[in-house]
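Each chain, letter by letter, is given below.
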There are 2 protein chains.
Amino acid sequence: MESATRNNALVEKLESRSIKPTAMRLLVLEYLVQKDEAVNLSDVEQHFKNSDRTTLYRTLKTFEDKGLVHEIHDLSGSAKYALCADDCSCAYPEDVHVHFYCNSCKKTYCFPDRSVPSISLPDDYHPVSGDFVINGVCPTCRN
Amino acid sequence: MESATRNNALVEKLESRSIKPTAMRLLVLEYLVQKDEAVNLSDVEQHFKNSDRTTLYRTLKTFEDKGLVHEIHDLSGSAKYALCADDCSCAYPEDVHVHFYCNSCKKTYCFPDRSVPSISLPDDYHPVSGDFVINGVCPTCRN
DNA sequence: CAATCTTTGCAATATTGTTGCATCTCTTTA
DNA sequence: TAAAGAGATGCAACAATATTGCAAAGATTG
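Residues numbered from 1 in each chain as written. Chains lettered and ligands numbered in written order. Predicted model: local features only at pLDDT ≥ 70, side-chain atom pairs only at ≥ 80, totals over all residues.

- Chain A is annotated in an unreviewed UniProt entry as Transcriptional repressor of Rhodohalobacter sulfatireducens.
- In its Sequence similarities (unreviewed entry) section, the UniProt entry covering chain A states "Belongs to the Fur family." (UniProt positions renumbered as here; feature names shortened; annotations may be inferred.)

## Overview of the overall build of chain A
Point 1. Within chain A one finds four helices and six strands.
Point 2. Moving toward the C terminus, one meets the helices and strands of chain A in the order α-α-β-α-α-β-β-β-β-β.
Point 3. A globule of 143 residues ought to have a C-alpha radius of gyration of about 15 Å, and chain A, at 16 Å, matches this closely.
Point 4. Seen through its principal axes, chain A has C-alpha atoms that stretch 50 × 40 × 30 Å.
Point 5. In chain A, buried positions account for 28% of the 143 residues. (Helix = DSSP H or I, 4+ residues; strand = E, 2+ residues; numbered from the N terminus. Rg over C-alpha atoms; globule rule 2.2 N^0.38 Å. Buried ≥ 20, exposed ≤ 12 C-beta atoms within 10 Å, placed from the backbone.)

## Some remarks on the interface of chain A and chain B
Point 1. Contact with chain A, which involves 32 residues of that partner, is made by 32 residues of chain B.
Point 2. Those elements that place two or more of their residues in the side of chain A that touches chain B are β4 (97-102) and β6 (126-137) of chain A.
Point 3. The greatest single-element share of the side of chain A that touches chain B, amounting to 12 residues, is contributed by β6 of chain A.
Point 4. The residue makeup of the side of chain A that touches chain B, split by class, is 18 nonpolar, eight polar and six charged.
Point 5. Across 11 bridges, the pairing between β6 of chain A and strand β6 (residues 126-137) of chain B is antiparallel. For valine 133 of chain A, the partnering residue across the bridge sits in β6 of chain B and is aspartate 131 of chain B. (Contact = placed C-beta atoms within 7 Å. Nonpolar A, V, L, I, M, F, W, Y, C, P; charged D, E, K, R; others polar. Pairing = 2+ DSSP bridges.)

## Focus on the nonpolar core
Point 1. By size, the foremost hydrophobic cluster in this structure holds 22 residues, and its most contacted members are Phe132 of chain A together with Phe132 of chain B.
Point 2. Elements with a minimum of two residues in this core: β4 and β6 of chain A together with β4 (97-102) and β6 of chain B.
Point 3. Those residues in contact with phenylalanine 132 of chain B that sit more than four places away from it in its chain are Gly130 and Phe132 of chain A together with Val96, His97, Val98 and Val116 of chain B. (Core = buried A, V, L, I, M, F, W, Y, C linked by C-beta atoms within 7 Å.)

## Quick look at the sheet that holds strand β1 (residues 39-40) of chain B
All names here are of chain B.
Point 1. Read across the open sheet, the three strands follow the order β1-β3-β2; overall the sheet is antiparallel. Single-partner strands in this sheet number two, and they are β1 and β2 (69-72).
Point 2. Examined bridge by bridge, β2 and strand β3 (residues 80-83) share four bridges and lie antiparallel to one another. Across the sheet, the residue bridging to histidine 70 is alanine 82, located in β3.
Point 3. Packing against the sheet, helix α4 (residues 53-65) makes contact with β2 and β3, and its axis sits at approximately 110 degrees to β2. (Axes fitted to C-alpha atoms, helices over the stretch in contact; angles between N-to-C directions.)

## Examining unusual backbone geometry
Point 1. Residue proline 93 of chain A is bonded to the preceding tyrosine 92 of chain A through a cis peptide linkage, with omega at 0 degrees.
Point 2. Turning to its location among the elements, proline 93 of chain A is positioned in the loop between β3 (80-83) and β4.
Point 3. Here the phi dihedral of cysteine 90 of chain B falls at roughly 60 degrees; this positive angle occurs in a residue that is not glycine.
Point 4. Counting through the fold element by element, cysteine 90 of chain B comes out in the loop between β3 and β4.

## A short note on the pairing of β4 of chain A
All names here are of chain A.
Point 1. Most of β4 is tucked away, with six of its six residues classed as buried.
Point 2. Residues His97, His99 and Tyr101 of β4 are buried on one face, and the alternating residues Val98, Phe100 and Cys102, pointing to the opposite face, are buried as well.
Point 3. Bridging between β4 and β6 involves six bridges; their strand directions are parallel. For histidine 99, the partnering residue across the bridge sits in β6 and is valine 133.
Point 4. Examined bridge by bridge, β4 and strand β5 (residues 108-110) share three bridges and lie antiparallel to one another. The residue bridging phenylalanine 100 from the neighbouring strand is tyrosine 109, located in β5.
Point 5. The turn joining β4 and β5, which pair antiparallel and follow one another in sequence, is formed by five residues; a positive phi near 65 degrees is taken by lysine 106.

Structure, rendered in structure tokens:
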């Protein structure tokens with residue numbers, strides 16, 4: 001019952017972004033939902049040891065294409081992914097993604113509700129989206 | 001004369017960051033100075049066709065370690081490098097690096113003089129540096 | 001000059017990102 | 001229900017990028 005309910009929420013989440021809710025996609029989405037940090041492809045691979053790398057890769061790309069997740073590029077060098085808020089359209093400047101990258105543990109945390117004062121750009125530069133990554137030390141690594 | 005003068009400026013730039021001014025480093029620095037956009041390792045390789053990849057790689061890393069350049073991670077996926085301003089210490093929030101990434105031509109432009117209003121973080125997150133990447137279409141690609 | 005330290009070049013390897021294609025699954029429709 | 005089509009998955013291969021070890025070359029210092 002409980003799991004059916006939860007599952008429905010996941011199905012709806014996918015369908016709201018026009019993504020067909022296959023078994024694999026539901027699993028990956030569930031994984032993303034319960035993670036409070038951004039994940040890279042290796043993380044997902046580790047978690048789904050028996051699944052194919054390419055499928056996971058393409059699942060993430062599909063999620064990204066459809067605006068369900070956004071891609072984050074931090075100092076770790078490899079692309080990470082994190083869920084967008086339901087009402088996120090990734091547009092500048094309203095939906096600038098704010099992240100905190102820990103130099104010590106290399107984790108990247110999302111701060112979805114921080115709004116970033118917009119920056120004025122020269123006239124001919126047309127902003128579409130924005131990513132703000134703050135690097136430092138996270139609470140867990142402070143010691 | 002002119003070239004000697006310019007060369008001195010480059011030597012000083014390196015020495016001000018405690019980097020030994022070898023021939024290779026001077027050439028790479030000269031290249032970075034005259035570029036108005038961030039470059040990745042391939043760019044540098046292309047420009048110095050006869051030089052060794054590893055040396056160029058390590059030159060950039062040395063520059064980064066010493067605070068002469070900063071690394072930029074944009075949607076292109078590969079690391080780019082750009083010169084820091086002379087008085088830049090890469091510290092948050094004064095020296096947040098602001099860049100514009102063009103989705104069309106994949107170039108990344110620096111906006112060294114934009115200051116970013118600082119964002120309040122939860123208490124236990126200790127910011128050290130920050131990178132703001134704005135994605136969109138650059139003037140050249142507007143057409 | 002000898003000893004030492006740094007830089008450079010070459011080779012090899014690791015890691016990450018990406019594509020082609022055959023197969024499978026699900027949905028649609030005659 | 002059978003056939004067709006579209007999309008998803010799995011496997012294999014490959015491309016691009018990042019990184020390291022080590023030996024040779026060059027610079028530095030006593």
